[in-house]
Number of protein chains: 2
Amino acid sequence: MPPPARPPRRYDYIDDGPAIYVDSFATIRAETDLSRVPADAEKVAVRMVHGTGQTDLVDELVIHPGLVTAARGALEAGAPILADANMVASGVTRARLPRDNEVLCLIGDPLVPELARSFGTTRSAAAVSLWGDRLAGAVVAIGNAPTALFHLLELLHDGAPRPAAVIGCPVGFIGAAESKQALAAFGDAHALPYLTVHGRRGGSAMTASALNAIAQDAE
Amino acid sequence: MPPPARPPRRYDYIDDGPAIYVDSFATIRAETDLSRVPADAEKVAVRMVHGTGQTDLVDELVIHPGLVTAARGALEAGAPILADANMVASGVTRARLPRDNEVLCLIGDPLVPELARSFGTTRSAAAVSLWGDRLAGAVVAIGNAPTALFHLLELLHDGAPRPAAVIGCPVGFIGAAESKQALAAFGDAHALPYLTVHGRRGGSAMTASALNAIAQDAE
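Attention here is on the structure that accompanies the text.

## Let's talk about the sheet that holds strand β1 (residues 61-63) of chain A
Residues and elements named next belong to chain A. One open sheet holds the 6 strands; their spatial order is β1-β6-β5-β4-β2-β3, and the pairing between them is mixed. The sheet is open, and its two edges are formed by β1 and β3 (103-105), each paired on a single side. Neighbour-to-neighbour, the strand axes of this sheet turn through a mean angle of 15 degrees, independent of strand direction. In this sheet, strand β5 (residues 165-168) lies alongside strand β4 (residues 139-142) in parallel orientation, the contact comprising 4 bridges. Counted as the bridge partner of I142 is G168 from β5. Helix α7 (residues 146-157) rests against β4 and β5 of the sheet, and its axis sits at about 145 degrees to β4.

## Quick word on the interface of chain A and chain B
Facing the 56 residues of chain A at the interface are 56 residues of chain B. Among the residues of chain A in contact with chain B, Y11(A), E154(A) and F173(A) are the three that bury the most area, contributing 15% of the side total. For the pair chain A and chain B, the interface holds 4 salt bridges. Of the charged contacts, one joins E154(A) and R9(B) as a salt bridge, the two residues approaching to 3.8 Å between their closest N and O atoms. Every element with two or more residues in the side of chain A that touches chain B is listed here: α1 (17-31), α2 (42-52), α4 (86-91), α5 (112-119), α7, α8 (176-190) and α9 (204-215) of chain A.

## A look at the relation of the copies chain A and chain B
For the pair chain A and chain B, the relating rotation is 180 degrees, the translation along its axis is 0.0 Å, and the fit reaches an RMSD of 0.0 Å. This pairing of chains is accounted for by a two-fold axis. The rotation axis passes nearest to the C-alpha of M87(A) in chain A, at a distance of 2.8 Å. Of all interface residues in chain A, 100% are interface residues in chain B too; the two copies therefore contact each other through one and the same surface.

## Comments concerning the packing of α1(A) against α2(A)
Residues and elements named next belong to chain A. Axis separation between α1 and α2 bottoms out at 10 Å; the angle between their running directions is 105 degrees. Relative to α2, the element α1 lies roughly perpendicular. Residues Y21, S24, F25, I28 and R29 of α1 form the contact with α2, whose participating residues are E42, K43, V46, R47, V49 and H50. Looking at the contact of α1 with α2 residue by residue, the classes come out as 5 nonpolar, 2 polar and 4 charged.

## A few points about the sheet that holds strand β5 (residues 165-168) of chain B
Residues and elements named next belong to chain B. Here 6 strands make up an open sheet; going across it, the order is β1-β6-β5-β4-β2-β3 and the pairing mixed. Strand pairing shows two members of the sheet lacking a second neighbour, β1 (61-63) and β3 (103-105), which therefore form its edges. Strand-to-strand twist of the sheet, defined as the mean angle between neighbouring strand axes without regard to direction, takes the value 15 degrees. Taken together, the 3 bridges between strand β2 (residues 81-83) and β3 define a ladder with parallel strand orientation. In the sheet register, A83 faces β3, and the bridge partner there is C105.

## Here's the deal with α8(A)
Taking 1.5 Å of rise per residue, 15 residues should cover 21 Å, and α8(A) covers 21 Å from first to last C-alpha, within 8% of that figure. Within α8(A), the full set of buried residues consists of A176(A), S179(A), K180(A), A182(A), L183(A), A184(A), F186(A) and G187(A).

Rules and cut-offs
Residues numbered from 1 in each chain as written. Chains lettered and ligands numbered in written order. Predicted model: local features only at pLDDT ≥ 70, side-chain atom pairs only at ≥ 80, totals over all residues. Heavy atoms only, no water. Pairing = 2+ DSSP bridges. Helix = DSSP H or I, 4+ residues; strand = E, 2+ residues; numbered from the N terminus. Axes fitted to C-alpha atoms, helices over the stretch in contact; angles between N-to-C directions. Contact = heavy atoms within 4.5 Å. Buried area = accessible area lost by both parts, 1.4 Å probe. Salt bridge = Lys/Arg side-chain N within 4 Å of Asp/Glu carboxyl O. Least-squares fit on C-alpha atoms with pLDDT ≥ 70 in both. Parallel < 35°, antiparallel > 145°, perpendicular 65-115°, else oblique. Nonpolar A, V, L, I, M, F, W, Y, C, P; charged D, E, K, R; others polar. Expected span 1.5 Å × (residues − 1). Buried < 20%, exposed > 50% of the residue type's maximum accessible area, 1.4 Å probe, protein only.

So, in structure tokens, the structure goes:
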């Protein structure tokens, strides 16, 4: 097959990748109230707005003041990212990671189905149990399942190794808002840096956006 | 390492996976006005709301009346899904596909960087050019890049093979809304079944949700 040719232009649109980013971020900064976001997390909020197309996301966004320092420091020290969903892992731009960090999602581990049955919980939650000692100093990213976030918090209550930071943005109608309230309460009580979006909104895309902004300061 | 035990329950939440789905879909149906959605696409709209946590998504959702029949029929006949982003491909639940259909994203193809340079466009758009004859009868799913959707439409204007249906939900502030208006205009003018969400909202998660609902009727 010969290499394809570019078809004739029919539409007027910006096709320069870097220019699209620059214009997007400028539009977001012009339209979004970022005053309640910690100064060192401003680019994290901007990238999350970018990934969702919603400037009012910041109304429900809560970023712990220690989040960027803790999570970026962990990645720069080589810590892994532990994700609840393959989509979250897939959304991490590998070129932005400072140490070619491992990005691990264990939902497909062969132990998970039986573990979920024996625990009486979801596969997402069971997969969190398999993180084990890898939790110590890791950056946790939960962007899908409220049960995974609740399970993580129960493991931490029970003495599991402490991660460096938790990005917790599960989405949906059953348990999502409650799981994120629980994360904020736990993080505030135990000085565990966290990022969350209260309410029903969330998901793998905005979680990956947060990770990509945390991974390096350059936009 | 011994198999992990379930930690003590500290929170009151539903941990039964199927029950979470049932309750979620019931909540969505109670709270969402689905009257403008084609009857055979009701479950598609519900699953997209589920994936985003936003009932008002339906206000901007447009589903062509022929979309579900065309796209599901194509998948049942073994057609591939062609995606613009790895996250979209990653979000397709393989167990829901009727024919173990191929799910293809070519953004990582080694030809893409040079093609993008020579075209003067984004890598997402260049990767669309590599779909070639695989476009014929395929289900196209664009959930990230407006430039990919514009490029696809320019290929179709230029005589490229016709897909069975186009799910077009790129997200963002620069070109996204315009690309989706162009898709709707093209689809209406050329009787090409499409699904889109007007405005800035979009993304890989809602695109994957749409695909997962189209793949089979069972919730």
